[in-house]
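One letter stands for each residue in the lines below.
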Amino acid sequence: MKNKTKLSEKIKQKALELGFAAFGISGATFLKKESQQLKQWLDNGFHGEMHYMENHFEKRTNPQKLVERAKSVISVLYNYYPKDFQRKDTYQISKYAYGRDYHYVVKEKLNQLLEFIKQEIQEVSGRVFVDSAPVMDKVWAAKSGLGWIGKNTNLISKEFGSFVFIGELIIDLELDYNMHLLKDYCGSCTKCIDACPTGALIPYQLNAGKCISYLTIEKKGDIPDEFKGKWNNWIFGCDICQDVCPWNAKAKPNNDPQFQISGLLKNMNREDWQHLDKITFKKLFKNSPVERAKYEGLKRNIEFIKKPLAKS
Ligand code: SF4
Ligand code: SF4
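Residues numbered from 1 in each chain as written. Chains lettered and ligands numbered in written order. Predicted model: local features only at pLDDT ≥ 70, side-chain atom pairs only at ≥ 80, totals over all residues. Heavy atoms only, no water.

**What about the packing of helix H11 (residues 278-285) against helix H12 (residues 294-306)?**
Which entries qualify depends on this criterion: Here, axes are lines fitted to C-alpha atoms. For helices the fit covers the stretch in contact, and angles between N-to-C directions go from 0 to 180 degrees. Every helix listed is a DSSP run of H or I at least four residues long, and every strand listed is a run of E at least two residues long, numbered separately from the N terminus. In these notes the angle categories are as follows: under 35 degrees is roughly parallel, over 145 is roughly antiparallel, 65 to 115 is roughly perpendicular, and the rest is oblique. Every residue pair with non-hydrogen atoms within 4.5 Å of one another is taken to be in contact. Throughout, the ten residues Ala, Val, Leu, Ile, Met, Phe, Trp, Tyr, Cys and Pro are labelled nonpolar, Asp, Glu, Lys and Arg are labelled charged, and all others, Gly among them, are labelled polar.
Here H11 crosses H12 at 100°, and the two axes come no closer than 10 Å. Judged by the inter-axis angle, H11 sits roughly perpendicular to H12. Every residue of H12 that contacts H11 at Lys 278, Phe 281 and Phe 285 is listed here: Lys 294, Tyr 295, Glu 296 and Leu 298. A class-by-class count of the residues in the contact of H11 with H12 yields four nonpolar, no polar and three charged.

This is the structure:
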């Protein structure tokens with residue numbers, strides 16, 4: 001056990017050195033309770049048109065199906081809270097998408113961590129995951145003592161709030177799982193549920209089909225008229241249920257230049273957005289998560305807000 005504790009501490013130190021805000025480890029076991037919850041969520045149709053969520057159910061709930069002889073799930077948080085923001089009187093982009101696509105950044109750092117383990121500790125087999133494979137990242141982060149999953153369904157760290165990216169390293173090396181599990185600190189608060197403009201939050205569950213984040217990024221084709229007038233100004237993602245969360249009041253800005261807002265994005269006013277052309281889109285969002293929506297998707301979202309409400 002002593003050796004495992006020492007190794008875990010050594011890996012943790014390296015993770016913090018690489019810029020991760022927090023680090024935790026859990027045993028790579030089957031997620032029994034969470035698999036039932038996931039099944040219920042899918043049965044309720046809360047995944048909207050994200051049919052890929054129905055795939056790889058076993059892999060999603062059992063890390064041993066993702067990495068042979070998996071022993072440990074290492075979870076890390078990367079704080080992306082920016083130093084500066086968009087102007088308030090314009091269309092809004094979720095803060096996680098201000099800078100470079102986090103998949104690349106967090107993956108690069110986790111690959112460095114994996115390399116460190118191989119070089120400095122011992123040869124291991126493992127894989128790095130950043131929101132790209134069927135891994136229940138929030139569940140693993142909570143199990144590793146990095147926070148709790150709040151009523152807004154985000155992982156909330158007592159120290160950093162919820163503006164964090166989550167990544168995992170699943171490896172076949174046994175480590176120390178003696179992590180201190182955090183209790184749920186939501187208490188009687190309902191700020192996120194009250195603030196959600198589309199009623200997408202059922203405490204601790206998200207009806208993704210109603211969520212602005214899903215509708216602006218994942219939803220193909222037209223956006224249903226029932227959401228007209230409820231979008232506030234969001235054209236890519238939505239931060240409302242995180243912005244109102246008291247645990248984000250003390251979010252500390254990260255200095256990483258890769259996640260800061262560019263001067264161009266900061267100064268875009270409504271008119272600029274309405275006249276957005278492809279060249280400016282490329283300048284604004286090269287290597288950004290917004291590329292996922294594509295130029296046409298972003299234009300669709302802007303048009304949806306712009307169009308007047310149908311008369312009843
Ligand atoms: S992201 Fe926005 S729409 Fe989605 S649950 Fe949170 S507040 Fe509601
Ligand atoms: S706003 Fe309140 S209820 Fe919602 S996640 Fe934050 S603390 Fe929990």
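**Comments concerning the sheet that holds strand E1 (residues 22-27)**
Here is the rule we go by: Whether two strands pair depends on DSSP finding at least two bridges between them.
Ordered in space as E1-E2-E7-E4, the four strands form an open sheet in which the pairing is antiparallel. The outermost strands of the open sheet, each flanked by one partner alone, are E1 and strand E4 (126-129). The sheet shows a mean angle of 20° between the axes of neighbouring strands, direction not considered.

**Overview of the pattern of salt bridges**
A side chain with one charge may pair with a side chain of the opposite charge, provided their charged atoms come close. Applicable threshold: Within this document, salt bridges are pairs made up of a side-chain nitrogen of Lys or Arg and a carboxyl oxygen of Asp or Glu, the two lying within 4 Å of each other.
This structure, assessed with the given rule, holds 14 salt bridges. Lys 4 is paired through a salt bridge with Glu 174; the nearest N and O atoms lie 3.0 Å apart. Here the residue Lys 4 occupies a position in helix H1 (residues 2-17), and Glu 174 occupies one in the loop between strand E7 (164-171) and helix H6 (191-195), the gap between them amounting to 170 residues. For the salt bridge of Lys 266 with Asp 84, the shortest nitrogen-to-oxygen distance reads 2.8 Å. A residue pair is termed long-range when its members are at least 10 positions apart, and Lys 266 in helix H9 (residues 263-267) and Asp 84 in the loop between strand E2 (72-79) and strand E3 (92-93) qualify at 182 residues. The network of salt bridges with shared partners includes Lys 95, Asp 239 and Asp 243.

**Focus: the packing of aromatic side chains**
Describing an aromatic ring pair means giving the distance of the ring centres and the angle of the ring planes. For the record, the criterion: Pairing of aromatic rings covers Phe, Tyr and Trp, the last through its six-membered ring, and needs centres within 6.5 Å; plane angles under 30 degrees mean stacked, over 60 mean edge-to-face, and all others mean tilted. In this scheme, a residue with accessible area under 20% of its type's maximum is buried, one over 50% is exposed, and one in between is partly exposed, where area comes from a 1.4 Å probe on protein chains only. Comment: the charge-over-ring label is applied if NZ (Lys) or CZ (Arg) is within 6 Å of the ring centre and within 35 degrees of the ring normal.
For the structure on display, the rule yields 17 aromatic pairs. On the numbers, 6.2 Å between centres and 45° between planes, the contact of Tyr 96 with Phe 236 is tilted. Taken as a pair, Tyr 96 in the loop between E3 and helix H4 (102-120) and Phe 236 in strand E10 (residues 234-236) lie far apart in primary sequence, 140 residues in all. Exposure remark for Tyr 96: the relative accessible area of 18% places this residue in the buried category. Over the face of the ring belonging to Phe 304 we find Lys 228, whose NZ or CZ atom lies 3.8 Å from the ring centre. Its guanidinium or amino end placed over the ring of Phe 160, Lys 252 lies 5.1 Å from that ring's centre, counting from NZ or CZ.

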